[in-house]
Each structure stands twice: as C-alpha cells, then as structure tokens.
Amino acid sequence: MCDPDSIVISPIASSLLVKIRLLLMIVEDVSSLAKVKDDLEKLLRALIPFKAELMDKEDMQEADPLLKYSLGDLQDAASDAQDVLEAFLIKVYRSVRRKEQRQQVCPGKASLRFNVCFLKIKDIVARIDLISQTTQRLRSESVARQKIPYPRPLHHTSSSAGDIVGREDDASEILDMLLSHESDQGEESHFSVISIIGMAGLGKTTLAQLIFNHPKVVQHFDWRSWVCVTVDFNFPRILEGIITSLSHMNCELGGLSTSMLESRVVELLAGKRFLIVLDDVWTDNYFQWESLEKVLRHGGRGSRVLVTSRTIKVSHIMGTQDPYRLGLLSDNHCWELFRRIAFKHCKMADRTQGDLQKIGMKIVAKCGGLPLAVTALAGLLRGNTDVNKWQKISKNDICKAEKHNFLPALKLSYDHLPSHIKQCFAYCSLFPKAYVFDKKDLVNLWMAEEFIQYTGQESPEETGSQYFDELLMRSFFQPSDVGGDQYRMHDLIHELAQLVASPLFLQVKDSEQCYLPPKTRHVSLLDKDIEQPVRQIIDKSRQLRTLLFPCGYLKNIGSSLEKMFQALTCIRVLDLSSSTISIVPESIDQLELLRYLDLSKTEITRLPDSLCNLYNLQTLKLLGCLSLSQLPKDFANLINLRHLELDERFWYSCTKLPPRMGSLTSLHNLHVFPIGCENGYGIEELKGMAYLTGTLHISKLENAVKNAVDAMLKEKESLVKLVLEWSDRDVAGPQDAVTHGRVLEDLQPHSNLKELRICHFRGSEFPHWMTNGWLQNLLTLFLNGCTNCKILSLGQLPHLQRLYLKGMQELQEVEQLQDKCPQGNNVSLEKLKIRNCPKLAKLPSFPKLRKLKIKKCVSLETLPATQSLMFLVLVDNLVLQDWNEVNSSFSKLLELKVNCCPKLHALPQVFAPQKLEINRCELLRDLPNPECFRHLQHLAVDQECQGGKLVGAIPDNSSLCSLVISNISNVTSFPKWPYLPRLKALHIRHCKDLMSLCEEEAPFQGLTFLKLLSIQCCPSLTKLPHEGLPKTLECLTISRCPSLESLGPKDVLKSLSSLTDLYIEDCPKLKSLPEEGISPSLQHLVIQGCPLLMERCRNEKGGGQDWPKIMHVPDLEVESTDVCSTPDLPKPRPSSAHWYSHISCCRGVDGSEAPQSLQHLM
C-alpha cells in the first residue's frame, strides 16, 4: 500500500487521518477507551485507499455515473465519520479535564456517553468498508475517460480589426510596449517578455492575434511565431511549433531529439529580431521556462515574447516587463459586440427588433463585461426572433442559459486548481452575487470548515491567505472599489462556483422553496423571512455544517433558536448577525463542533456562561453589539479561540477582563489588557499569547511592579501598535520614577512594532530599547503625560514619521534625533504635534517635517528649523516671536493658522500659502507683500485689536475663494474692498463697532463671483448698502444684528436672480421685507427672532402685509410655525457657528475649489 503522506489527498481525508492518529495516541494512555482501538485502526486502513478514490473523483465521475454516485456516498460517509470522531474527541478531552480538576463524574453516565460513540464508530467503519468495496469494483469495471483539454489552435488564426470591439486602447498600449526600445538596454537584454493577464473569456488571445497581425508588427520584426502552449508546458512541442511557424513547413519533427530541436530553433533565430507569442500559458514552474529562455537568447536585440495567461504567477516567472492586466469591456462596447453578432443579416419587424434590443441589453448586463459570454449568447440568439426565448435567457443565470461555448473555458481554470483550493472556491457560492468578500473573514470561515491543510510551518491564517492569493492570481477574485482587503467575484465566476458546488453547498434565494438534498452540508439563506426555512433545516438537515445569512438586513429567526441548538449538533459555522435575538440560550453548548459564531449587530446584553464550553470555537464575532459590556467569567475555557472581534467602543470601556486570559494562547486580537492584582489578572497572562496581532493596550501598569518582563512583549512579532499606560495619578513620589523606569525597561516590544504610545509614565528617562536603534520599524511615537522627563532624547529611530508630545509638564528640550547618516540630515520625521508642554523652550531641526502643530507651549520663543513644512498650526503660545527664518524655508507652506500668539510681530517674509488664518495676535498688523498671496484661496482675519489694518492690507487677488473677517473693533466701516473676482464666500462676524459694510460707493463692485454672504453678530450695523448686494448671491445669512432696520433698496432681494437660500434671525428692529419682495428663485427662507418682520409675514387671519411676498417659497419657516412648507424637504436653519457653516448650501462653493481645512493637524 502506498504511503499516505506522499499522495496529494482530499482535504477531508487528511483531516480524518489526523484525528484518528490523535485518538489512537489517546486510547493508548486511557484504559477505558481501549476497546475502540481496533475500530479506529480499521477506519485508518479503510481511509488510505479512500484518499486515492477521492483524489481521482473529478477525473472519473464524468466517465461513469455509477462511480460518481458511489464516490459521492464515500465522501458523505467520510463527513459523517468526521462528525463522529470530533464529537468523540471532545468527550475524551472533557473526561480528561474533569479528572485533572478532580471533579466527581457519574461512572454510569460517562460509560454511556462513550458507548454511544463506540457504536457510531463501528457503524461508520462498516459503512465506509462497504462503500469502498463497491467503489473499487466499479473502478475496475470502468475505464476512465481521459480529460480533454479545452480546444485551442496550435498556431494563430487571423483576426481582422473589424472583428474586435473595445480593445483599441489596449492594443495601442501593448503595441507601444512591443515596439519601444526602453527595455533593450543592457548586455543581456536580447529579448523582453510582455504578459497579457486576465480571467478566462476576456479576449486575451483575440487581442494578441490583433497585435500579431498588425502592419507595424509585421514590418518591425524579422520573424514572427505563434505557439499555443495550453496547460502542459511541453518544451519539445513548443520548439516544434516555433520551427513549423518560422519555416512555413508542416514537416514531421516527431523523430527529432530535444537537443536537435533546440539547435534548429537557435539556427532560425540567430541574429533575427523575432516576436513569439506563447498563448494560454499555465505553468508557474521557473525551470520549465528557463529551458526555453536559454534558446531564445540567441535572437537579435529588440526581440519580444508576448505571453497570454490567466494567472499573474506566469508574469512573475517569465515577464521582464510589468504585466498588462486586461480589464472588462464597458457596457457600450459589450452591447456593440452583441449587436454585431445577434442582429447580423437578421431581418425582422422594427417593433420586434426594438423589443429584442431592450431584452438584449439586459442579457449583456448579466455578462458583466466578459466578451466570451457576450459572444456566446449573441451567437446562441443569432437569427432567433422568439421574444419568449430571449426573455427566458435574460431571467436565468448565464451559465444555465449557455453551457457549451464559454463555460468549458471558465471551468478549465477551476479544473486546474489544487483540490484543497477547489472547495475553498466552491464555498464562495454561498454568498450572493456582487458580495464584497473580506479576505481575513473568508479565511477564518475556511479554517472553521477545516479546508486549510496544516503544514506545521505556517499558521492556518497564513496558509489560508496563500489559498486566497492563489485564487486572486488566477482571476477568481477582483479587487473591490472599497479598497483594503475587500474583493468581489465576477458574476459568471460566481455562477461557475454555484455549478461546481452543488449539492454540497446550497444557496437558498428569496421566494425559493427550501429543498435541501440529503448530501447538502453548507447552506446560506438570502431570504428576508428566514424563520420558515430555518425550521425546515432543523427538521431535515441535522448533518448541516454551515448556516449563513450573508445579507445585511435585519432577520427574524423567531422562536427557532433553542430548537436549532438542539438539532444542528454537527454545525461548524453559524451566522446569527443582524438578527432580532436579544438572548442567547444556554443550550448553545450543545453545538460542540462549532468553530465560527457571528453574533454581530444583535441586541444581546450578555453571553451565556455555557458558551465557554465550546471547546472548538475559533472565531467569535461580536461587532456592533452595543449593549454588550462584558465577557463571561469562564471565557478562558475557549482554548482554541483565535479571533475575538469586538468594537473599539467595547475595548475603550473595558476595565476588567475575565480571569486566566493567558489560557487563550492562540488568540490573535486582544486590544485591551487591564492589569489586576488578583490571581489570573496579572501581566504574566500575556506570556504565552505569542500570536497577538494589531493593537495591544496594556493599562494599569502600576500593578506590574515586579513581573512586567513576564509579558514577553519582545516575542510578539505581529503586534503593530502598543499602548503602555499607567493610571493618571496626581501625586507621584521619587520611588514611582524608579519603579516606572524599571517596568518600562522590562516591556521591550518586538522590533517589528510600527506605533508606540506611552501614557502617564513618571520616569525621568526612557529605556535603552527606545534610544539604541532597536525600534527600526517604528513609524509613530506618542508620549502623553510623561511628567518627569526634562530632556527628550530618542536616539536612533530611523523611520519615525510621526511624533506626538502631550502634557509633558517638565519637558524643556527635545534633542536632535540621531541618524545613521553621518551628516545627520536624513531624519524621516514628517509630522510633529506638541501640546501643553509649558516648560519646553528648545526644539531641534526637522529637515523633512511637513506638518507641525504647537499648542500651549508657553515658554517656546523660537520655532524649530524646517525646510519642507506644508502645514503649520500655532495656538496659545504666549512668548513665541521668532519664525527662525534664518535656518528655515517656508516656500512649501500651504496652510498657516496662528491663534493667540501675542508676541508675533510679523508673518514669514517668503511664503505663498493657499490658506491663512490669523486670530488674536495683537502685534501682528501687517500682511506680507502681495506676491505672497498669489496662491491664496482662503483667508481668515480675526483681530481683537485696535483698528482694522489687516483688513485694509488685503490686496487684489484672483485666487481667493473664501474670506472671513471677525472680531474687528473700533472700525465703523471697512475700507474699499479689493478686487477679488473668484471670491465665493464672504463672512463678517463679531465686529461690534461696524455700522456700514464699506465707506465707498458700490462696495461689492470687485466681488463679481460672490455666492455666499454671511453677516453675524454686528450689533451696530443699521443698514445694508444702498447700492444693493452682488447679483451672483445664492445664499444670504443675516444674524444677530439688533440695530439693523433695513435690508437696502426696494429691489435688493428681488434683483438677486440666483438666490436660493435666505436666513434672517435675531434682528428685532427689522420691520419689513423690501418693497418689491424677494427673488422668485428662492427655495428656502427662515425668519426667526424678528418680531416686527414676522408679524408682517404671518399667514393667520388673512395673512400679514409681507405674506404675498413669500408665499411662493417651497420651504418656509417663520419662528417655530411652518407656513406652507413642503414636508419632504429638510428644514435648514441659520447658524452663527464657524465661517464655513453655510458653504454647503451654495452651489459651486465647495471644498473642491478651496484647500482642505487644517484637519491634517487636528
């Protein structure tokens, strides 16, 4: 008999063998289980040939239906065996555990439980033995038909440009790559390889034919050869193909040796600039390609090899240039292709053709941009004018409608998947079309189903990720627009998955009868009403392993949950997310084989204690469980748990975890670990948790005085972000500084760490591992409340990009970051944020710094030297006075905000920002020269000082979009407004002495593009300009102007033909609207806090005098009473908040034309 470990076996057989061998080791040590040993050995012997049967199943089943049925029975029996053995293993584990804990167990009950398992194992052994005998007999009587590869021509066929639609740009780009000389440099670059990569049916071969026959290609190359490689990369056959096409002879070459064929090809290619197309290449074996590569090196410089393939791996092995990824056709191009074929030489009535075209467009949409599917369906319908048949195809899945032309091409990709990846692909059929797959979650599901073969060298997650990458490289998945690790599956690939997955995997759609074949083990329900299907599953499918509800809408399971837990005892994956359940029954522990449980987005308030008996549970998802605040006390019993998914809200509010969390040695994500003093809560619990990934926040470090080193953080290589936090205590003695220093020294993380946060550390110096270059990969460092540090010396952090310092009360100086570069000018820091460091007086230079924010550093007089600064925020720095321009450059500065820096006398002399905000800088009275404003788009001047010199200093500017003027005192009227032709938004607020908007006539003459005007909190303002307002206004807000009596001339609002939004509030002296009324274009009008005006605008008792002027406005609000408002429209309200509050209500005044706010530093 062959060695079982040397055969490529079915994953289910592999899993069974592992379990049997484990059980055999256990029964050797447990005398009460000895009588099952013989049955286990029989099962082991039966499974060895069974592996080979399953391995050949797909090759044989099409040849013999009886054999196919028998092999199906064999696989079904193997699944049952898996269920029985896993349940037996759990009972053995629990029995051993009870003995270790010295718990009293009733001998009779224990014996009964094991006897039931013994009988089931005997039954399984007999069943598999019988099926195996039948299968072997059928195999001996049947000669398996050899698989016929997808037919492809050995050499190219001609293809005219008229036969191809929508690939003109692709052809042009590939032609440029072929004919370009960029890749011909270097001594060994005699030829380069260009790969066209894409899923089956995209038209890679057709595109290659178009390029192969292009006149420029024919003229450019001395020799051209086309070879169809297909699945088997047969080196001699490829050489024969090259010889035949180059010599234009169909001579018999079969008798020549490989070396003779090589010599002949070398002779033909010597010194010639050739183009060889290798069509439909599958091999990812470099050594196979290397043999051909050596021969092709004898060609002339500038030669090319054009490869078409479905997998990116081919390009990695063969390509010398970046692969060309062929995309899907656009809807318009697909329709043009369909129309050319389906309606060619077809005469029919105009009405019939119109009906068929409408249906045809629906059919084309279902093809999802795949040319092969479009061509196949168009050919199927060509000449057919039966509207009913067209309708039927448009409603069915494409693969069901057309099985013979393009389906073999798609299935060929599936056929050449490794067997362990085939079932992973088939599993995806459970999800609806257009579903966005999360890579990590899908791998966790595969892991729960035991689809992943354990190698021992890599974790199951790493192996599963490789499985996914294999499917991605073979174009079974496509990156989603969502980004990250999110992917989609083409609709036709999804239909293929459903075809190959039946009957093992079943998707039940809306309104479908829930019929489950006996061999179905994995089910997903897509119906909104799932209560009835769930009941049918409970009654008829007790061997079910997977129950998914992949649609996100709320689901009502009804009262079926308790019955489900009692019936589906073989289930591995259970998804109850987005359901109405609020209580998880205690009977959940009957799901002994459960590995994946999703309770996300439910109303549960607690998890039952019995959940902690689910020994096999690997993944527990609790995302969006807003009422859940704690985990069960025996949570540490879930020793196989690998993924615990909870919201940040839960971790943020978590003050105490269950005891003995260190038992979860396989856990990957534990975001928070608060240290306690009691047994089971100490920092030593982290010691064995070597697989922790992502974020780990260790709090209450004052409880880890003696044993911090036991956390073994240095061994946790997958951690990305580490937060080390002591409790914030106001009083700290000298002893605390020493203790904190020792604890932090013992918490040395792995060198892979990307982000480190240290909070409320009371030591005076940071540990050596932070300064000696150990953290080579650290990108972000956050120090918060480290109150005893006076001089911050961070040593060598060569890749540090972001540094945050907050609440460091004693910090006086930050020393220059050291760098391995002798000149010390390669420090990578890009973002620095310092807040509330009252004694900080000295900062080093930061040559690459792009973003800087300094707030409440009341001892800092001089800015650090910078050369690349783009964003700068300075807030509440009371003695800051020197920009350090001698050592700095502000030429790249885009945004500057200066708030409450009273010692600053001037702005930088050389800078040209896009955004500038100045607030409460009493000594700052002059703006730079006009040249500095050439790129300015937003300006905010907020001066609590005497006079409005900064306002008068605003120069003419053709780029300014937004202007804010606030807190200007002792100014009764603004000087003449400058010429600002692109200004869209003007905000005037908190100018207490302002009586008039301008001392000149026609004040807004230079504001030819103004769309928003907002005037707020100007108590002395009595009237608006006599000349009226800019005609371009779309939004006008007047708020809290208690002295305002008039809005201007009688036609001031009537003439604003573009005005859509008008807000008037808290103007008690305003008596009426202008005589001629308001703009007919007005859509939204709000009047509040204006008693005299509101009285004239009322609608009661016949209406006020101004009611006819406003009655046409669709959305109208006067005080709190809605007057003829449209209920479906939102009720916009005026705001006296920040300058940007009404920007969104004006068309064309948006963030796309103005720089983004200083959110980079907030």
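In this text the structure is predicted, and so the values were computed from the model without any measurement.

Peer 1: A description of the overall build of the protein should follow, citing residues and the corresponding values.
Peer 2: Across its full length, the protein carries 29 helices and 37 strands. Burial status across the protein gives 53% buried among its 1162 residues. Restricting to contacts in the protein with at least 6 residues of sequence separation, those with at least 24 account for 59%. Total accessible area on the protein is roughly 51,400 Å²; 49% of this is exposed by carbon and sulfur atoms.

Peer 1: So what's going on with the pairing of strand S29 (residues 938-942)? Which residues, and what values?
Peer 2: Burial analysis of S29 places 5 of its 5 residues in the buried class, the great majority of the element. Across the two faces of S29 the burial is the same, with His-938, Ala-940 and Asp-942 and Leu-939 and Val-941 all buried. Looking at chain direction, S29 and strand S30 (residues 962-966) are connected through 5 bridges and run parallel. Bridge assignment links Val-941 to a residue of S30, and that residue is Ile-965.

Peer 1: Report on unusual backbone geometry, specifying residues and quantitative values.
Peer 2: The amide bond that connects Ser-502 to the next residue, Pro-503, takes the cis arrangement and shows omega of 0 degrees. The residue Pro-503 is located in the loop between helix H22 (491-501) and strand S9 (505-508) in this model. Positive phi values are uncommon outside glycine, yet Met-712 reaches one of about 55 degrees. In this fold, Met-712 is placed in the loop between strand S17 (694-699) and strand S18 (719-725). You can call Met-712 partly exposed: its relative accessible area is 32%. Here the phi dihedral of Asn-967 falls at roughly 55 degrees; this positive angle occurs in a residue that is not glycine. With respect to the element layout, Asn-967 can be found in the loop between S30 and strand S31 (985-989).

Peer 1: Run through the packing of aromatic side chains, naming residues and quoting values.
Peer 2: The final tally for this structure, using the stated rule, is 25 aromatic pairs. Relative to Trp-651, the ring of Phe-650 lies with its centre 5.6 Å away and its plane at 85 degrees, an arrangement referred to as edge-to-face. Here the two residues Phe-650 and Trp-651 agree in accessibility, since each one is buried. Among the aromatic residues, ring-to-ring pairing joins Phe-431, Tyr-435, Phe-437, Trp-446, Phe-468, Phe-477 and Tyr-487 into one connected group. Sitting over the face of the ring of Tyr-414, Lys-422 holds its NZ or CZ atom 5.3 Å from the ring centroid.

Peer 1: Give me the sheet that holds strand S4 (residues 303-309): which residues, what numbers.
Peer 2: The strands making up a sheet associate through backbone hydrogen bonding, with each pair oriented either parallel or antiparallel. Strand order in the open sheet formed by 5 strands is S2-S3-S4-S1-S5, and the pairing between neighbours is parallel. The sheet terminates laterally at strand S2 (223-230) and strand S5 (324-325), the two strands that pair on one side only. Pairing of strand S1 (residues 191-197) with S4, which is carried by 7 bridges, proceeds in the parallel orientation. Within S4, the position partnered with Val-193 by the bridge is Val-305.

Peer 1: Give me the sheet that holds strand S8 (residues 486-488): which residues, what numbers.
Peer 2: Pairing in this open sheet of 3 strands is antiparallel, and the strands run S6-S8-S7 from one edge to the other. Only two strands of the sheet have a single partner each, and these edge strands are strand S6 (437-438) and strand S7 (478-479). Where S7 lies against S8, 2 bridges are found, and the strand directions are antiparallel. Opposite Pro-479, over in S8, you have Tyr-487 as the bridge partner.

Peer 1: Tell me about the nonpolar core, residues and numbers included.
Peer 2: Counting residues in each nonpolar core, the largest one holds 184 residues, and the members touching the most others are Leu-547, Met-564, Leu-622 and Leu-756. Look past the residues within four positions of Leu-547 in its chain and what remains in contact with it is Val-523, Leu-525, Ile-537, Met-564, Leu-568, Ile-571, Val-573, Leu-574 and Asp-575. Residues Ile-196, Met-199, Leu-329 and Leu-548 belong to the second largest nonpolar core, which totals 83 residues.

Peer 1: Residues and numbers for helix H16 (residues 387-395), please.
Peer 2: Residue pairs spaced three or four apart in an α-helix point in one direction, given the helix's 3.6 residues per turn. Within the sequence span of H16, burial applies to Trp-390, Ile-393 and Ser-394. Taken down its axis, H16 places every buried residue within 100 degrees of arc, on the same side. More than 90 degrees from the buried face of H16, the exposed residues found are Asn-388, Lys-392 and Lys-395.

Peer 1: Please provide a residue-by-residue account of the packing of helix H20 (residues 439-448) against helix H21 (residues 460-473), values included.
Peer 2: Close contact between H20 and H21 brings their axes to 9 Å; oriented N to C, the two are set at 115 degrees. Here H21 runs roughly perpendicular to H20, going by the angle between their axes. Relative to H21, H20 is oriented so that their crossing is right-handed. On H21, the residues touching Lys-439, Leu-442, Val-443, Asn-444, Trp-446 and Met-447 of H20 are Pro-460, Glu-461, Gly-464, Ser-465, Tyr-467, Phe-468, Asp-469 and Leu-471.

Peer 1: Which residues make up the packing of helix H9 (residues 235-247) against helix H11 (residues 286-296), and what values do they have?
Peer 2: In the contact formed by H9 and H11, the axes pass within 10 Å of each other and the chain directions differ by 30 degrees. Put simply, H9 runs roughly parallel to H11. Relative to H11, the crossing made by H9 is right-handed. Touching Phe-235, Ile-238, Leu-239 and Ile-242 of H9 are Ser-291, Leu-292 and Val-295, all from H11. By residue class, the composition of the contact of H9 with H11 is 6 nonpolar, 1 polar and no charged.

Peer 1: Explain helix H6 (residues 168-179) to me, and be specific about the residues and the numbers.
Peer 2: With 12 residues, H6 ought to run about 16 Å at 1.5 Å a step, and its terminal C-alpha atoms sit 16 Å apart, in line with that. Contacts from the buried residues of H6 go to S1, helix H7 (204-212), helix H8 (215-220), strand S3 (274-281), S4 and S5.

Peer 1: Outline the environment of Leu-803, listing residues and values.
Peer 2: Tracing the backbone shows Leu-803 in strand S22 (residues 802-806). Measuring from C-alpha to C-alpha, the distance between Leu-803 and Leu-852 comes to 9.9 Å, with 49 residues separating the pair along the chain. Once residues within four sequence positions are removed from consideration, Leu-803 is found in contact with Leu-781, Leu-794, Leu-829, Lys-831, Leu-832 and Lys-833.

Peer 1: Describe the pattern of salt bridges, with residues and values.
Peer 2: Per the counting criterion, the structure on display carries 33 salt bridges. Between Arg-535 and Glu-531 there is a salt bridge, with its nearest N and O atoms 2.8 Å apart. Pair noted here: Arg-535 and Glu-531 are both in helix H23 (residues 531-540), with a separation of 4 residues, about one helical turn. Residue class for Arg-535 comes out partly exposed when judged on its relative accessible area of 37%. Taken together, the salt bridges that share partners define one network made up of Asp-80, Asp-83, Glu-86, Glu-450, Arg-521, Arg-545, Arg-572 and Arg-595.

Peer 1: Any details on the confidence of the model for the protein? Residues and values, ideally.
Peer 2: Close inspection of predicted coordinates is inappropriate in any region flagged by low pLDDT. Taken as a whole, the protein shows an average pLDDT of 81; of its residues, 80% reach a score of 70 or greater. Low pLDDT (under 50) marks residues 1-9, which in the prediction has 17 contacts with non-local residues, meaning those over four places away or in another chain. Every residue in residues 143-161 scores below 50 in pLDDT, and together they form 38 contacts with partners more than four places removed in sequence or on other chains.

Peer 1: Explain a negative patch on the surface residue by residue, including any values.
Peer 2: Negative charge collects at one region of the surface, where Glu-168, Asp-169, Glu-173 and Asp-176 lie side by side. In this fold, Glu-173 is placed in helix H6. The exposure class of Glu-173 is partly exposed, given its relative accessible area of 43%.

Peer 1: Help me get a handle on the side chain of Ser-577, residues and values and all.
Peer 2: Within the secondary structure, Ser-577 is located in the loop between strand S12 (573-575) and strand S13 (596-598). Among the polar contacts listed, one links the side chain of Ser-577 to the side chain of Asp-575, at a separation of 2.7 Å.

Peer 1: Give me the lowdown on the environment of Met-447, citing residues and values where you can.
Peer 2: Examined against the element boundaries, Met-447 turns out to sit in helix H20. Considered as a pair, Met-447 and Thr-619 are 172 residues apart in the sequence and their alpha carbons are 9.5 Å apart. For Met-447, the residues in contact, after removing those within four places along its chain, are Ile-452, Tyr-454, Pro-460, Glu-461, Arg-595, Gln-618, Arg-642 and His-643.

Cut-off values and rules
- Residues numbered from 1 in each chain as written.
- Predicted model: local features only at pLDDT ≥ 70, side-chain atom pairs only at ≥ 80, totals over all residues.
- Heavy atoms only, no water.
- Helix = DSSP H or I, 4+ residues; strand = E, 2+ residues; numbered from the N terminus.
- Buried < 20%, exposed > 50% of the residue type's maximum accessible area, 1.4 Å probe, protein only.
- Contact = heavy atoms within 4.5 Å.
- Areas by Shrake-Rupley, 256 points an atom, 1.4 Å probe, with all protein chains shown as cover.
- Pairing = 2+ DSSP bridges.
- Phe/Tyr/Trp six-rings, centres within 6.5 Å; stacked < 30°, edge-to-face > 60°.
- Lys NZ or Arg CZ within 6 Å of the ring centre and 35° of its normal.
- Core = buried A, V, L, I, M, F, W, Y, C linked by side-chain atoms within 4.5 Å.
- Arc of directions from axis to C-beta.
- Axes fitted to C-alpha atoms, helices over the stretch in contact; angles between N-to-C directions.
- Parallel < 35°, antiparallel > 145°, perpendicular 65-115°, else oblique.
- Left-handed = near helix turned anticlockwise from the far one by under 90°.
- Nonpolar A, V, L, I, M, F, W, Y, C, P; charged D, E, K, R; others polar.
- Expected span 1.5 Å × (residues − 1).
- Salt bridge = Lys/Arg side-chain N within 4 Å of Asp/Glu carboxyl O.
- pLDDT = per-residue confidence, 0-100.
- Patch = residues over 30% accessible without salt bridge, like charges linked within 9 Å, V, L, I, M, F, W, Y side chains within 5 Å.
- Lys, Arg positive; Asp, Glu negative; His and termini not counted.
- Charge placed at Lys NZ, Arg CZ, Asp CG, Glu CD.
- Polar contact = N/O pair within 3.5 Å; in protein donor to acceptor, adjacent residues only side chain to side chain.

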